[in-house]
Amino acid sequence: MNVLVTGGCGFIGTSLIQSLIKDYGVSDICVLDNLSEGSFEDLQEVGCFVRCDANLDIPKSGLRFVEGDIRDHGLVEKCCRAVGEVVHLAANTGVAPSVENPRMDMESNVIGVLNLLEGMRANAVNKLVFASSGAPAGAVEPPIHEEIAPHPVSPYGASKLAGEGYCSAYYHSFGINTVALRFGNVFGPRSKNKSSVIAKFIRQALNGQVCEVYGDGAQTRDFIYIDDLVRAIIMALKAPLGGEVFQIASGGELSVSEAIDEVSSALAKFGFSMEVVKSSPRVGDVRRNYSDTSKAARMLGWQPEVPFALGVEKTVKYFVDRL
Ligand SMILES: NC(=O)c1ccc[n+]([C@@H]2O[C@H](COP(=O)([O-])OP(=O)(O)OC[C@H]3O[C@@H](n4cnc5c(N)ncnc54)[C@H](O)[C@@H]3O)[C@@H](O)[C@H]2O)c1
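In this text the structure is predicted, and so the values were computed from the model without any measurement.

Scoring rules and cut-offs
Residues numbered from 1 in each chain as written. Predicted model: local features only at pLDDT ≥ 70, side-chain atom pairs only at ≥ 80, totals over all residues. Heavy atoms only, no water. Buried < 20%, exposed > 50% of the residue type's maximum accessible area, 1.4 Å probe, protein only. Helix = DSSP H or I, 4+ residues; strand = E, 2+ residues; numbered from the N terminus. Axes fitted to C-alpha atoms, helices over the stretch in contact; angles between N-to-C directions. Parallel < 35°, antiparallel > 145°, perpendicular 65-115°, else oblique. Left-handed = near helix turned anticlockwise from the far one by under 90°. Contact = heavy atoms within 4.5 Å. Nonpolar A, V, L, I, M, F, W, Y, C, P; charged D, E, K, R; others polar. Salt bridge = Lys/Arg side-chain N within 4 Å of Asp/Glu carboxyl O. Phe/Tyr/Trp six-rings, centres within 6.5 Å; stacked < 30°, edge-to-face > 60°. Lys NZ or Arg CZ within 6 Å of the ring centre and 35° of its normal.

Engineer: What is the right way to read helix α7 (residues 197-206) from this model?
Structural biologist: Structurally, the α-helix is built with 3.6 residues per turn, so residues lying three or four positions apart point the same way. Within α7, nine of the ten residues are buried, which leaves the element mostly enclosed by the surrounding structure. Along α7, the positions that sit buried rather than exposed are Val-197, Ile-198, Ala-199, Lys-200, Phe-201, Ile-202, Gln-204, Ala-205 and Leu-206. The positive-phi residue at the C-terminal boundary of α7 is Gly-208, with phi of around 75°.

Pasting the structure below:
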C-alpha cells in the first residue's frame, strides 16, 4: 500500500496512520493536511514523517507530509501522482460550523472530494475510502441504513451527501473503486481537539468546568470506538469493491444522558467528578440517530468489537494521562 491520507493530522487520521504502520507494516504514507485542526506534532507522535515542499514533486515513497488544502486542485493532483490509494478524511467536520458558514462547508466537503476524484482519475489511482457520516440521512426514522432516502437537516449533511454522490458517479463513470463509510459518533484516544460529546465532556470535567448538554439529553447517538472504526477503514481499503456505501457504527442507540452517566463513572475511577447543565437544542441536530450495520458485516466482514464502557474508560485514561 502507498496511501494518501487527507486530514491525516486529525483524530481519525493519526489513529489510522498509527494502525497502518504498527499493525499492517505500511511504510509508504503521504499526508495532506492544512493544519487547521491537527498539527504536524500530532502526526509525528505516530510516525517519523518528513515535510515535503509543496512547490516540488512529492516523493513516491516513505512517510511524507504535505501542508496544504484539499480545495487546491493543483496540489491535490500532485499528491495523487505519488500514491496508489486514498483515504479522504480532510473536511469541515462539524454541523455547527456548517450552519454558520455553509459556503465554507461546501467548498471543503464537496469541491475537496471533486478535486481528489479528478486527481485520482488523472493518475489512474483506483481506490478511495471516503469519510461520510450519519448526517446525510438526517431526519429519518432510525435505524439508518444504506437504502434509506436521505433528508439532510444541516449543510454538513448535504455536503457529505454530495461527496457520496460524486463517489458513486466516479465509480460508475470512470471505474474508480470508491467506498463511502458513514461513521457514527467516533470517540477514543487522540480526540483532544474534538468538540463531540464524549471528548468535550471529559475535557470539561477534567478542567473543572460545567458540562453543557444541548437539549434534554434524551437525544440518541450511535457511538463507535476509534479502534473499531480504523479497522473498518482498512478493511474497506483492502476490499475489492467500489461504488458502495456502508454504515460504520456500533449499531446501538444510546441517549446522551446515558453516555454522560458512563463518562461520569469512568471519571470517578480516576478520582474526578462531573457537573452537567442542560441548555437549548442546537439547530441542525437530529433527535434520534443509530445505524443498522448489517451490510458492513455481510460485505466487508466487519463488526464493532469494543464495548462502550471499555472505550469510554480508555478515552478517559488518555485524557487523564495528558494532564
Ligand atoms: N469524529 C467523528 O465523530 C466523525 C463522525 C462522522 C464523520 N467524520 C468524518 O471523518 C473525517 C475525519 O474526522 P476527524 O474527527 O478526524 O476530524 P479532525 O478535525 O480531527 O481531523 C480533520 C483533519 O483535516 C484537516 N483539514 C480540515 N480541512 C482541511 C482542508 N480544507 N484541507 C486540508 N486539510 C483539512 C484538519 O487540519 C484536521 O487535521 C471528517 O471527514 C469527518 O467529517 C468524523
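Engineer: What exactly am I supposed to notice about the packing of α7 against helix α11 (residues 308-322) here?
Structural biologist: When two helices pack together, their arrangement is captured by the angle between the axes and the distance separating the axes. One can describe the packing of α7 onto α11 by two numbers: an axis separation of 10 Å at closest approach and a directional angle of 45°. When the axes of α7 and α11 are compared, the pair comes out oblique. In the packing of α7 onto α11, the handedness of the crossing is right-handed. Packed against α7, whose contacting residues are Ile-198, Ala-199, Ile-202, Arg-203 and Leu-206, the element α11 presents Phe-308, Thr-315, Val-316, Phe-319 and Val-320 at the interface. Of the residues in the contact of α7 with α11, the class split is eight nonpolar, one polar and one charged.

Engineer: Explain the pattern of salt bridges here, please?
Structural biologist: Between side chains of opposite charge, a pair can form when the charged atoms approach closely. Scanning all chains against the criterion turns up 16 salt bridges. One salt bridge in this structure joins Arg-51 and Glu-67, with 3.0 Å as the shortest N-O distance. Placement of Arg-51 in strand β3 (residues 50-51) and of Glu-67 in strand β4 (residues 63-67) is noted, with a sequence separation of 16 residues between them. For Glu-164, the salt bridge goes to Arg-182, with nearest N and O atoms at 2.8 Å. Pair noted here: Glu-164 is in helix α6 (residues 155-174) and Arg-182 is in strand β7 (residues 177-183), with a separation of 18 residues, a long-range link. Neither residue differs from the other here; Glu-164 and Arg-182 are each classed as buried. Residues joined in a network through salt bridges with shared partners are Asp-57, Glu-77 and Arg-81.

Engineer: What exactly am I supposed to notice about the packing of aromatic side chains here?
Structural biologist: To describe a pair of aromatic rings, one takes the distance between the centres and the angle between the planes. Applying the stated rule across the entire model yields seven aromatic pairs. Between Phe-187 and Phe-223, the ring centres sit 6.5 Å apart and the planes meet at 85°, which makes this aromatic pair edge-to-face. Remark: Phe-223 occurs in strand β11 (residues 223-225) and Phe-187 occurs in strand β8 (residues 185-187); sequence separation between them is 36 residues. Residue classification places Phe-187 among the buried positions, given a relative accessible area of 3%. An aromatic cluster is present here, built from Phe-187, Phe-223, Tyr-225 and Phe-308 joined pairwise through their rings. Here the basic side chain of Arg-51 rests over the ring of Phe-40, its NZ or CZ set 4.7 Å away from the ring centre. Over the face of the ring belonging to Phe-174 we find Arg-121, whose NZ or CZ atom lies 4.3 Å from the ring centre.

Engineer: Explanation requested: the environment of Gly-38 in the structure shown.
Structural biologist: With respect to the helices and strands, Gly-38 occurs in the loop between β2 (28-33) and α2 (40-44). A relative accessible area of 6% means that Gly-38 is categorised as buried. For the pair formed by Gly-38 and Thr-14, sequence separation is 24 residues and the distance between their alpha carbons is 9.0 Å. Filtering out sequence-adjacent residues up to four positions away, Gly-38 remains in contact with Cys-9, Gly-10 and Asn-193.

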